[in-house]
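Examination of the molecular architecture
Below are the chains, spelled out letter by letter.
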Amino acid sequence: MNPVLISHAASHVYPSGRTVVWPDFTLYAGQVVGFKGHSGCGKSTALHTTGGLLPLATGTLELPDLGLLRPGVSVPPLWRKHWMGWVPQRPFFWPGFSVLKNLEMTAWAKSTALTPSLLDLVVPLELDGLLLERADRLSLGQQQRVSLLRSMVGSPRVILADEPTASLDDFQAAQALKILQNWAQETKGAVLIASHDARTHSFLDDSILFHKPTTDGL
Amino acid sequence: MGFSTFFKSFAWGLLHLRTRPGQAFGQALLVAVGLGAAMGVERLHRASDQALVDELEGIDLVLSAVGSPTQALLASVFHLDNPVGNIDTAWANRWMKHPDIAQAFPLAYGDESKGVRILGCTPAFYDWKKMDLREGRLPAKPFEVIAGVDAASKLDLKLGDSFYGSHGAEGDLGDHTDHPYQVVGIGDARGKAVDGLLLTPLETVWDVHPDAPADYTAVLVRTQSPMAALFLPRSIRSDGKGMAVSPPLEINRLRSLLDQGNRLFSGMSTLMTAIALFAMVLMWWNFALERRAELALLRANGANGIQIYGFIAGPFFFVLGMGWALGWLAQGIWSLPGWPVTLPLFQWIPLDFYLLGWGGLAAALLALLPTWRALTTSIHTALLDA
């Protein structure tokens, strides 16, 4: 199996001095991997650091053949633009914009364009005919699927999802996880989910346990 | 990151603005009021300046009775005030023959007709004012009158009409019902004070008041040289029978008066524009806070500072441009009826382009503030708050 992302001895230190350290892990192509643990144990911090949103205090993050994150070095622009996709906890959209506009806007942020293969996904995601509807007026299940589709814009290597099932019922949660699983297998990408939701467990190929409480102070 | 990405960011900002058209229009209107006021004031300033220059074209001195020089000038050149008094014809004629004086236009104020002044003058005056007639001919004998275009429309006078004047400029001391005036010509629009006058030979004025001396009210004078204009006033004034006003001196005084008014208006228009810009910055500052989750997701997806700046600056440029255009189009409201000068409406003046340039610069700089707010928000925190 090909590694997609390798995290080694990574940690983040907040300006307050709060330090979050997490175990080493490797994401392989086609895998869905979970950060497991109680809330407040640093899952979101680790997820955001991996996605290049927070600076790395120690260790390295590597996308083999693509890029490397090290402490004290700014995140390569392509890290966010090309290699990471995001599923926020609650699906939210640009107010007043259609589904298509929201997808196009994400493509603009990523300095890329929507591909036909991405738009083909509206059929399996049961979003056909909704592209021109206002995204913020769709049902919650539809919004969640648009949110998933949005994370696939620009063909990222890794999709990062923070509590993606928190606001969904059992059926919607299973549907969302299945979509992510299919995406990982078909694009040879990897999905990293931070969740304390037990419903995610059966979909995970691997999980990283965040059992340690965060260490305080320097 | 090329220009195309930057302009794409503009376009996204404008697409966002389209979801709130009322807000955009309201802001553009505020800007329009501020910039429109500035444009109007400048037009007024230029027009009144131009009017002062135009009315005095070729005039170096104004002879009048002793009194306020400004009043003498306003009365005899702009016909906006009552004359300071009359001057003795013999005395004035002597000065008109002075070798340093090239040309002279004696004027006599006569009656009024419903607030429109009847001015006695010599035929040379028509030439100097380039009075072209729309219809009819020039007066050939007393009591024949040509009406300026505004005077004709105000009094509803047509060629061949007769009318009576009322005594003096001061008020209704009775109509001169024994002396009807006859309209023999209607002037073309000149955009000058003559448009609002009824012009007649000097003799008309004197014949209406047979018991009064045949005096002039003022004499407009062109001197042989600028030096003469400088030195003549002292000798003219020496015998105490009249004075010579130098228009440039008086006009500088008038200008400084006008400028004070202009400064007040300019200050108000600047204030209004500043308020409009402040409101815009405030609104986009709030936007950066309200949309922090959406903006954070864009940044998580790689949107950089230039993209976010373009997104916010686009609407700034658009609203300022709209406001500028609306302000320019609104200049019709500046053509107030009864204004003594004609404004250069719907013509470009340099200020229009200065305002556009400064407005663009202001938009570019002010958009930095909300951009800074958006970029200094932590993506991590904003995404967790969502």
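Cut-off values and rules
- Residues numbered from 1 in each chain as written.
- Chains lettered and ligands numbered in written order.
- Predicted model: local features only at pLDDT ≥ 70, side-chain atom pairs only at ≥ 80, totals over all residues.
- Heavy atoms only, no water.
- Helix = DSSP H or I, 4+ residues; strand = E, 2+ residues; numbered from the N terminus.
- Rg over C-alpha atoms; globule rule 2.2 N^0.38 Å.
- Buried < 20%, exposed > 50% of the residue type's maximum accessible area, 1.4 Å probe, protein only.
- Contact = heavy atoms within 4.5 Å.
- Areas by Shrake-Rupley, 256 points an atom, 1.4 Å probe, with all protein chains shown as cover.
- Pairing = 2+ DSSP bridges.
- Axes fitted to C-alpha atoms, helices over the stretch in contact; angles between N-to-C directions.
- Phe/Tyr/Trp six-rings, centres within 6.5 Å; stacked < 30°, edge-to-face > 60°.
- Core = buried A, V, L, I, M, F, W, Y, C linked by side-chain atoms within 4.5 Å.
- Buried area = accessible area lost by both parts, 1.4 Å probe.
- Polar contact = N/O pair within 3.5 Å; in protein donor to acceptor, adjacent residues only side chain to side chain.
- Patch = residues over 30% accessible without salt bridge, like charges linked within 9 Å, V, L, I, M, F, W, Y side chains within 5 Å.
- Salt bridge = Lys/Arg side-chain N within 4 Å of Asp/Glu carboxyl O.
- Expected span 1.5 Å × (residues − 1).

1. A short note on the overall build of chain B
The helix and strand inventory of chain B stands at 14 helices and 10 strands. Taking 2.2 N^0.38 as the reference for a compact globule, 386 residues should give roughly 21 Å; the C-alpha atoms of chain B span a radius of gyration of 31 Å, well beyond that estimate. If you line up chain B on its principal axes, its C-alpha atoms span 100 × 45 × 35 Å. Here chain B, with 386 residues, has 49% of them falling under the buried criterion. In chain B, once contacts between residues fewer than 6 apart in sequence are set aside, the share between residues at least 24 apart is 79%.

2. Details of the overall build of chain A
If you tally the helices and strands in chain A, you get 6 helices and 10 strands. Over its C-alpha atoms chain A spans a radius of gyration of 17 Å, differing by no more than 12% from the 17 Å that the globule rule assigns to 218 residues. Each principal axis of the C-alpha atoms in chain A carries an extent, and together these give about 55 × 35 × 35 Å. Contacts in chain A between residues far apart in sequence, at least 24 positions, make up 72% of those at least 6 positions apart. With an accessible surface of roughly 9300 Å², chain A has 55% of that area assigned to carbon and sulfur atoms.

3. Things to note about the sheet that holds strand E9 (residues 190–194) of chain A
All names here are of chain A. Here we have 5 strands laid out as an open sheet, ordered E7-E8-E9-E4-E10, and parallel in their pairing. What marks the edges here is a single partner per strand, and that holds for strand E7 (84–87) and strand E10 (206–209). Between one strand and the next, the sheet's axes are offset by a mean angle of 20°, whatever the strand orientation. In this sheet, E9 lies alongside strand E4 (residues 32–36) in parallel orientation, the contact comprising 4 bridges.

4. Let's talk about the side chain of Asn262 of chain B
You can see Asn262 of chain B is positioned in helix H9 (residues 247–290). Leave out the neighbours within four places in its chain, and Asn262 of chain B touches Val41 and His45 of chain B.

5. Side note on the packing of aromatic side chains
Scanning the entire structure with this criterion turns up 24 aromatic pairs over all chains. Seen in terms of ring centroids, Phe7 of chain B and Phe10 of chain B are 5.6 Å apart; in terms of plane orientation they differ by 75°. Their pairing is edge-to-face. With a gap of 3 residues between them, Phe7 of chain B and Phe10 of chain B both fall in helix H1 (residues 3–18), about one helical turn apart. Assessed through its relative accessible area of 16%, Phe10 of chain B is described here as buried. Taken together, the ring pairs connect Trp94, Phe97 and Trp108 of chain A together with Trp12, Trp284, Phe287, Phe311 and Phe316 of chain B into an aromatic cluster.

6. Structural notes on the nonpolar core
Residues Trp94 and Met105 of chain A together with Trp284, Leu298, Phe311, Ile312 and Phe316 of chain B are the most contacted members of the largest nonpolar core, which totals 41 residues. Going through the elements one at a time, helix H3 (99–109) of chain A together with H1, helix H2 (21–55), H9, helix H10 (292–300), helix H11 (305–329) and helix H12 (350–366) of chain B are the ones with two or more residues in this core. If you tally residues by element for this core, the top one is H11 of chain B, at 10 residues. Leaving out residues up to four positions away in the same chain, Trp284 of chain B has contacts with His16, Leu17, Phe311, Ile312, Pro315, Phe316 and Pro370 of chain B. Counting residues in hydrophobic clusters, the runner-up holds 39 residues, among them Ala29, Leu47, Leu53 and Leu192 of chain A.

7. Some points on the interface of chain A and chain B
Quite often, the size of an interface is put as the accessible area lost when its parts meet. The interface is formed by 29 residues belonging to chain A together with 27 residues belonging to chain B. Summed over both sides, the interface between chain A and chain B buries roughly 2500 Å², with carbon and sulfur atoms accounting for 71% of that surface. On the chain A side of the interface with chain B, the three residues burying the most area are Phe92, Trp94 and Trp108 of chain A, jointly 32% of the side's total. One can count 11 residue pairs in polar contact (both at pLDDT 80 or more) joining chain A with chain B. Elements represented by at least two residues in the side of chain A that touches chain B include exactly helix H1 (43–50), helix H2 (77–83), E7 and H3 of chain A. Sort the elements by how many residues they give to the side of chain A that touches chain B and H3 of chain A lands first, with 6 residues.

8. Observations regarding a nonpolar patch on the surface
All names here are of chain B. On the surface, Leu14, Phe25, Leu29, Phe318 and Met322 cluster together into a nonpolar patch covering about 410 Å² of accessible area. Where the nonpolar patch is concerned, the elements lending two or more residues are H2 and H11. In this structure, Phe25 sits in helix H2. Since its relative accessible area comes to 44%, Phe25 is described here as partly exposed.

9. A short note on helix H6 (residues 170–187) of chain A
Residues and elements named next belong to chain A. The end-to-end C-alpha distance of H6, which contains 18 residues, comes to 26 Å, matching closely the 26 Å that a straight helix rising 1.5 Å per residue would cover. Residues Gln172, Ala173, Gln175, Ala176, Leu177, Ile179, Leu180, Gln181, Trp183 and Ala184 constitute the buried set of H6. The distance from a side-chain oxygen at the start of H6 to the backbone nitrogen of Phe171 is 3.2 Å, and the residue carrying that oxygen is Asp169. Remark: Lys188 follows H6 within two positions and exhibits a positive phi of approximately 60°.

10. Observations regarding the environment of Thr112 of chain A
Residues and elements named next belong to chain A. With respect to the helices, strands and loops of the structure, Thr112 is situated in the loop between H3 and helix H4 (116–120). Residue classification places Thr112 among the partly exposed positions, given a relative accessible area of 32%. Sequence separation between Thr112 and Trp94 is 18 residues; the distance between their C-alpha atoms is 18 Å. Contact partners of Thr112, with chain neighbours within four places excluded, come to Ala107 and Gly154.

So far we have only geometry, and geometry alone does not tell us how the molecule works.
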